[in-house]
Amino acid sequence: MSRGAFRASPRFIAFDGQSLNLLPVGYRYPTRLMQTHFPTIPYENAKIAIGSVSWTDLAKSASTRLHQYANSGLYSVLIGCGGQSDLTDENDSGATLYANEVAYAQAARAAGFDYIIWTTIVPSTTYTVAQNTARLDHNTLLLADASAAFDAKVDLANVTGLNNASGTDYSDGLHWSNAGVDKVVTAMSPAVAAIPGFPPAV
């Protein structure tokens, strides 16, 4: 099947990445996004995303943890939101991090995912100057996406409020507060609504 080709419903979204997909407990952005705006679309988050694990390490388990959701005969969508551990634990450059995400997305597409959305990396008070520079370099590369690995990108890092890790949209300088999650949901909703064959957001 060609990239982004429409396949008959039902559709399915897999949310992958690190702890920003899992916190705050009881107010996770994937849950808020889907239950609020796309209540008829099945999705999975908690069984896929893993906190404090880089894309490099997530790739090692993707074939069993993630790719099963691309092989069910549904129009399968992958949304990636992460990269913090690649910066803090591996000290990746922006170019290395983007390259790892491209490889991750290409493997997911080869496994059967039809459409892939990726997000820029938001700031954190925990980053060193070098890590934040790598974050900004990564975001520039992702938005340009010279490899054409992603069908859509969402620039969370430049959303007002989410661009300030010391503000009220963050609970601890790294993870979003409930107010921050609400802004993530608002930013993500148009990208999900633009997926081929998806219903408009409610």
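Residues numbered from 1 in each chain as written. Predicted model: local features only at pLDDT ≥ 70, side-chain atom pairs only at ≥ 80, totals over all residues. Heavy atoms only, no water.

### Side note on the nonpolar core
Phase 1: Counting 32 residues, the largest nonpolar core has Ile13, Tyr29 and Trp176 as the members making the most contacts within it.
Phase 2: Listed by contribution, the elements that provide at least two residues to this core are β1 (11-17), α1 (29-37), β3 (75-81), β4 (115-119), β5 (152-154) and α6 (178-193).
Phase 3: It is α6 that contributes the most residues to this core, six residues altogether.
Phase 4: Beyond its immediate chain neighbours, meaning those up to four positions away, isoleucine 13 contacts Met34, Ile41, Pro42, Tyr43, Glu44, Val77, Ile79, Val192, Ile195 and Phe198.
Phase 5: Ile48, Leu78, Ala108 and Ile121 belong to the second largest nonpolar core, which has 28 residues in total. (Core = buried A, V, L, I, M, F, W, Y, C linked by side-chain atoms within 4.5 Å. Buried < 20%, exposed > 50% of the residue type's maximum accessible area, 1.4 Å probe, protein only. Helix = DSSP H or I, 4+ residues; strand = E, 2+ residues; numbered from the N terminus. Contact = heavy atoms within 4.5 Å.)

### Topic: unusual backbone geometry
Phase 1: In this structure, the amide linkage connecting leucine 23 to the following residue, proline 24, adopts the cis form with an omega of 0°.
Phase 2: Relative to the assigned elements, proline 24 resides in the loop between β1 and α1.
Phase 3: The backbone of alanine 148 shows a phi angle near 50°, a positive value even though the residue is not glycine.
Phase 4: Among the structural elements, alanine 148 can be located in the loop between α5 (129-144) and β5.

### As for the packing of aromatic side chains
Phase 1: Evaluated as defined, the whole model comprises eight aromatic pairs.
Phase 2: Where phenylalanine 15 meets tyrosine 29, the ring centres are 5.7 Å apart and the plane angle is 90°; that geometry is what we call edge-to-face. Note that phenylalanine 15 is positioned in strand β1 and tyrosine 29 in helix α1, a separation of 14 residues in sequence.
Phase 3: A relative accessible area of 1% means that tyrosine 29 is categorised as buried.
Phase 4: The rings of Phe15, Tyr29, Tyr43 and Trp176 are connected pair by pair, giving a single aromatic cluster.
Phase 5: Its end group placed over the ring of phenylalanine 198, arginine 11 keeps NZ or CZ at 5.4 Å from the ring centre. (Phe/Tyr/Trp six-rings, centres within 6.5 Å; stacked < 30°, edge-to-face > 60°. Lys NZ or Arg CZ within 6 Å of the ring centre and 35° of its normal.)

### Thoughts on the pattern of salt bridges
Phase 1: Using the criterion set out here, one finds four salt bridges in the structure.
Phase 2: The salt bridge involving aspartate 16 is made with arginine 65; its shortest N-O contact spans 3.0 Å. Taken as a pair, aspartate 16 in strand β1 and arginine 65 in helix α2 (residues 55-65) lie far apart in primary sequence, 49 residues in all. Neither aspartate 16 nor arginine 65 differs from the other in exposure class; each is buried.
Phase 3: One salt bridge connects arginine 109 with aspartate 151, and the closest N-O pair in it is separated by 3.1 Å. Of the two residues, arginine 109 is situated in helix α4 (residues 94-111) and aspartate 151 in the loop between α5 and β5; the sequence distance between them amounts to 42 residues.
Phase 4: With relative accessibility at 23%, the residue aspartate 151 sits in the partly exposed group. (Salt bridge = Lys/Arg side-chain N within 4 Å of Asp/Glu carboxyl O.)

### Some remarks on the environment of tryptophan 176
Phase 1: In this structure, tryptophan 176 sits in the loop between β5 and α6.
Phase 2: Setting aside anything within four residues of it in sequence, one finds tryptophan 176 in contact with Leu20, Pro24, Tyr29, Cys81, Val122, Leu156, Leu162, Asp169, Tyr170, Ser171, Val181 and Val184.

### Structural notes on the environment of alanine 165
Phase 1: Structurally, alanine 165 can be placed in the loop between β5 and α6.
Phase 2: With relative accessibility at 9%, the residue alanine 165 sits in the buried group.
Phase 3: For the pair alanine 165 and aspartate 145, spaced 20 residues apart in sequence, the C-alpha separation works out to 25 Å.
Phase 4: The residues contacting alanine 165, other than those within four sequence positions of it, are Pro123, Ser124, Thr125, Tyr170 and Gly173.

### A word on the sheet that holds β3
Phase 1: Spatially, β2-β1-β3-β4-β5 is the arrangement adopted by the five strands of the open sheet, whose pairing is parallel. A strand with exactly one partner marks an edge of an open sheet, and here the two such strands are β2 (43-44) and β5.
Phase 2: As defined by bridge partners, β3 adjoins β4 across four bridges and the pair is classed as parallel. Across the sheet, the residue bridging to leucine 78 is isoleucine 116, located in β4.
Phase 3: Contacts between α6 and the sheet are confined to β1, β3, β4 and β5, with β4 contributing the most and set at about 160° to the helix. (Pairing = 2+ DSSP bridges. Axes fitted to C-alpha atoms, helices over the stretch in contact; angles between N-to-C directions.)

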